[in-house]
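Structural overview for review
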Amino acid sequence: MTAMDGLEDVAERAPRLAYPCGEPPESATLAEVAPGVKWLRMPLPFALRWINLWLLEDGAGWTAVDTGLGTPDSQAIWTQVTAKELDGRPITRVIVTHMHPDHVGCAGWLTERFECSLWMSRTEYYSCRMLAADTGRPAPEEGVKFYRQAGWDDAAIETYRRRFGGFGRMITPLPNAYRRIRDGDEIEIGGRLWHVIGGSGHSPEHACLYQAELNVFISGDQLLPRISSNVSVFPTEPEADPLTDWLDSCRKLRAAAPADVLVLPAHNEPFTGAHARVSALIDGHERGLDRLAQRLRQEPRRAIDVFGALFARPIGPDLLTMATGEALAHLNCLLARGEAIKEIGSDGVALYGPA
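One structure accompanies this document, and this report is about it.

**Some remarks on the sheet that holds strand S1 (residues 31-34)**
One open sheet holds the seven strands; their spatial order is S1-S2-S3-S4-S5-S6-S7, and the pairing between them is mixed. Strands at the two margins of the open sheet, each flanked by one partner only, are S1 and strand S7 (179-181). Direction aside, the axes of adjacent strands within the sheet are offset by 30° on average. Sheet analysis places S1 next to strand S2 (residues 37-43), joined by three bridges and oriented antiparallel. When the sheet's bridge partners are listed, Ala34 is paired in S2 with Val37. Here helix H3 (residues 107-114) sits on the sheet and contacts strand S5 (91-95) and strand S6 (117-121); the angle it forms with S5, its principal contact strand, is near 155°. Helix-sheet contacts for helix H4 (residues 122-132) involve S6 and S7, and the interaxial angle to S6 is about 105°.

Here it is as structure tokens:
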């Protein structure tokens, strides 16, 4: 399974952003990006090679925001960091922005090791536990039907069957109790109030954190400077419209965070220029929807036939699941807007055409 981000929109034109925090820290070391806010990078075994994690001074301890994959390598880095970089103070709270494995993977291990609490939105917590429960199960026929409908061939379906249930192998088991966070909450960390700003589309109930006095925004995957977060439809909810949710969340974020805020993203480097970046992401998806609608007016197409309208890079087997999910997100958005129709043939494959 790859990281959940990284398919760039073919029409996306990144705005001119500033990167004021300098070079990323070396492995197992911290860099201060604002008073009491430390930057830790954790390696990933994917094309997307790093995730940023954040440590916030919190009185007698530290609050960790996101955790890296649940692997021995990640645990070894955490062991080094907590022994050498935290001034002898323990981690006293773990906040997870959302349930993707590179963010939640070590959360169970950290909370057990430090006997501290996990703070997470409800939908993300239960979604994570549901996906972890698939470990060892055979692929469901609903999933096979979903990907056949998108146009996958037998070889791709067999790969899906073989890889099904891999999510749980990338995370350590979550604690059986957690502290719920939700949009609009205020969390006191180190004497400062951090405001929770919720989002949806990339994941069900993503939580960002904004601190007004520091003018710092921990964005998770909700706002990244150089890659566009994956927005996908999955077999569990085939008629979902996550792209509309994503676009709404982007507009909400643009209204909630100041234009000059320092954004601490999960991937790439801290940056300023949030409003311009959000606008570019919205515009890029809207252009993608326009190109997709034009393709459908030429002739009916399967989901796997529209990748060229949406992605700059060729889509090989390693990106097929992600690309199919994002293509379906755009197609379902056009269906919801009344700009496309869907018909399922006798072979079980869906064709999309103009409304």
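What follows continues from the structure just given.
**A short note on unusual backbone geometry**
Even without glycine at this site, Asp87 takes up a positive phi of about 55°. Within the fold, Asp87 resides in the loop between helix H1 (72-84) and S5. Exposure remark for Asp87: the relative accessible area of 59% places this residue in the exposed category. The phi dihedral of Glu115 is positive, around 50°, even though this residue is not glycine. With respect to the element layout, Glu115 can be found in the loop between H3 and S6.

**Here's the deal with the sheet that holds strand S9 (residues 192-199)**
Strand order in the open sheet made by the five strands is S8-S9-S10-S11-S12, with mixed pairing throughout. The open sheet has two free edges, formed respectively by strand S8 (186-189) and strand S12 (262-265), since each of these has just one partner strand. Neighbour-to-neighbour, the strand axes of the sheet open up by a mean angle of 30°, direction not taken into account. Relative to S9, S8 runs antiparallel, the two sharing four bridges. Bridged to Ile189 within S9 is Arg192.

**Focus: the nonpolar core**
Counting residues in hydrophobic clusters, the biggest one holds 51 residues, and the most contacted among them are Phe217, Leu223, Leu243, Leu328 and Leu331. At the level of secondary structure, the elements contributing two or more residues to this core comprise helix H5 (141-149), helix H6 (154-163), strand S10 (206-211), helix H7 (242-256), helix H8 (274-298), helix H9 (307-310), helix H10 (320-336) and strand S14 (350-354). Apart from residues lying up to four places away in sequence, Leu331 is in contact with Leu292, Leu296, Ala303, Val306 and Tyr352. If you look at the next biggest cluster of nonpolar residues, it comprises 35 residues, including Ala64, Cys106, Tyr125 and Cys128.

**What to know about the state of the cysteines**
By the definition in use, this model includes zero disulfides. No disulfide involves Cys250; its sulfur sits 9.9 Å from that of Cys208, the nearest cysteine.

**Some remarks on the packing of aromatic side chains**
Per the counting criterion, the structure on display carries nine aromatic pairs. Relative to Phe164, the ring of Tyr160 lies with its centre 6.0 Å away and its plane at 70°, an arrangement referred to as edge-to-face. Like Phe164, Tyr160 is buried. Put simply, the rings of Phe146, Tyr147, Trp152, Tyr160 and Phe164 pair up and form one aromatic cluster. Lying over the aromatic face of Trp50, Arg41 brings its terminal NZ or CZ to 3.9 Å of the ring centre. The positively charged end of Arg93 is found above the aromatic ring belonging to Trp119, 4.6 Å away from the centroid.

Calculation criteria
- Residues numbered from 1 in each chain as written.
- Predicted model: local features only at pLDDT ≥ 70, side-chain atom pairs only at ≥ 80, totals over all residues.
- Heavy atoms only, no water.
- Pairing = 2+ DSSP bridges.
- Helix = DSSP H or I, 4+ residues; strand = E, 2+ residues; numbered from the N terminus.
- Axes fitted to C-alpha atoms, helices over the stretch in contact; angles between N-to-C directions.
- Contact = heavy atoms within 4.5 Å.
- Buried < 20%, exposed > 50% of the residue type's maximum accessible area, 1.4 Å probe, protein only.
- Core = buried A, V, L, I, M, F, W, Y, C linked by side-chain atoms within 4.5 Å.
- Disulfide = S-S within 2.5 Å.
- Phe/Tyr/Trp six-rings, centres within 6.5 Å; stacked < 30°, edge-to-face > 60°.
- Lys NZ or Arg CZ within 6 Å of the ring centre and 35° of its normal.

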